[in-house]
Amino acid sequence: MSIQSPPSLSVVSPAQLPEHLRQCVQSGGLRHRIGCVAEVLHGFWGQRFVTSMVLVTALGWVSAGWPL
């Protein structure tokens, strides 16, 4: 299975419409949805990575009974 380029965002002529719609339908599969979820999670956690690591470390220290 080869990866196809995404459909163009330019204006589609009526003659190209069936091919454009076929590409849009194919890009809506499970792999596409998994990729979208991964992008959203990466965007969310990427901006909060350092803060998340500090909180996890602090919670680990507190749960182990060590004073901060």
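All chains use their own residue numbering, which begins from 1 and follows the written sequence. Predicted model: local features are reported for residues with pLDDT of at least 70 only, side-chain atom pairs are reported and counted for 80 or more only, and whole-chain, interface and lining totals are derived from all residues. With hydrogens and water stripped out, all remaining heavy atoms of the structure feed into the side-chain values.

1. Comments concerning the overall build of the protein chain
Each helix corresponds to a stretch of at least 4 residues labelled H or I by DSSP, and each strand to a stretch of at least 2 residues labelled E; elements are numbered beginning at the N terminus. Looking only at helices and strands, one finds three helices and zero strands in the protein chain. Secondary structure of the protein chain in N-to-C order comes out as α-α-α. Burial statistics for the protein chain: of 68 residues in total, 4% are counted as buried. With residues, only the protein chains shown are counted as cover, and all accessible areas are computed by Shrake-Rupley using a 1.4 Å probe. When the accessible area of the protein chain is evaluated, it comes to approximately 6200 Å², of which 71% is carbon and sulfur surface. Buried means the residue's accessible area, taken with a 1.4 Å probe over protein chains only, is under 20% of the maximum for its type, while exposed means over 50%, and partly exposed covers the values in between.

2. Quick look at the confidence of the model for the protein chain
Confidence scores labelled pLDDT are given residue by residue by the predictor and lie between 0 and 100. Confidence along the protein chain averages 78 in pLDDT terms, with 79% of residues attaining 70 or more. Within the protein chain, the lowest mean pLDDT, 74, falls on helix H1 (residues 17–26), and the highest, 91, falls on helix H3 (residues 49–64).

3. Observations concerning the packing of aromatic side chains
Aromatic rings from Phe, Tyr and Trp, taking only the six-membered ring of Trp, are treated as a pair when their centres fall within 6.5 Å; an angle between ring planes under 30 degrees marks them as stacked, one over 60 as edge-to-face, and anything in between as tilted. Following the criterion strictly, the structure yields one aromatic pair and no others. Summarising the aromatic geometry, the rings of Phe44 and Trp45 are spaced 5.0 Å apart at their centres and angled 85 degrees between planes, so their arrangement reads as edge-to-face. On the basis of relative accessibility, which here comes to 47%, the residue Trp45 falls in the partly exposed class.

4. Remarks on a nonpolar patch on the surface
Nonpolar side chains collect at one region of the surface, where Phe49, Val50, Met53, Val54 and Val56 lie side by side and expose about 500 Å² of accessible area between them. Within the secondary structure, Met53 sits in helix H3. A patch consists of residues exposed above 30% relative accessible area that lack any salt bridge, with like charges linked at up to 9 Å and nonpolar side chains (Val, Leu, Ile, Met, Phe, Trp, Tyr) linked at up to 5 Å. Only one rule defines a salt bridge in this text: a Lys or Arg side-chain nitrogen within 4 Å of an Asp or Glu carboxyl oxygen.

5. Details of the side chain of Ser52
Take Ser52: it is sitting in helix H3. N or O atoms closer than or at 3.5 Å make up a polar contact, with two conditions inside protein: a donor-capable atom paired with an acceptor-capable one, and, for residues adjacent in sequence, both atoms drawn from side chains. Here Arg48 takes part through its backbone oxygen, which lies 2.7 Å from a polar atom of the side chain of Ser52.

6. A word on H3
A helix is expected to reach a length of 1.5 Å times the quantity of its residues less one. Along its 16 residues, H3 runs 22 Å from first to last C-alpha, staying within 8% of the 22 Å computed at 1.5 Å per residue. For H3, the buried fraction is low: one of the 16 residues fall into the buried class. Phi turns positive, to about 90 degrees, at Gly65, one or two residues after H3.

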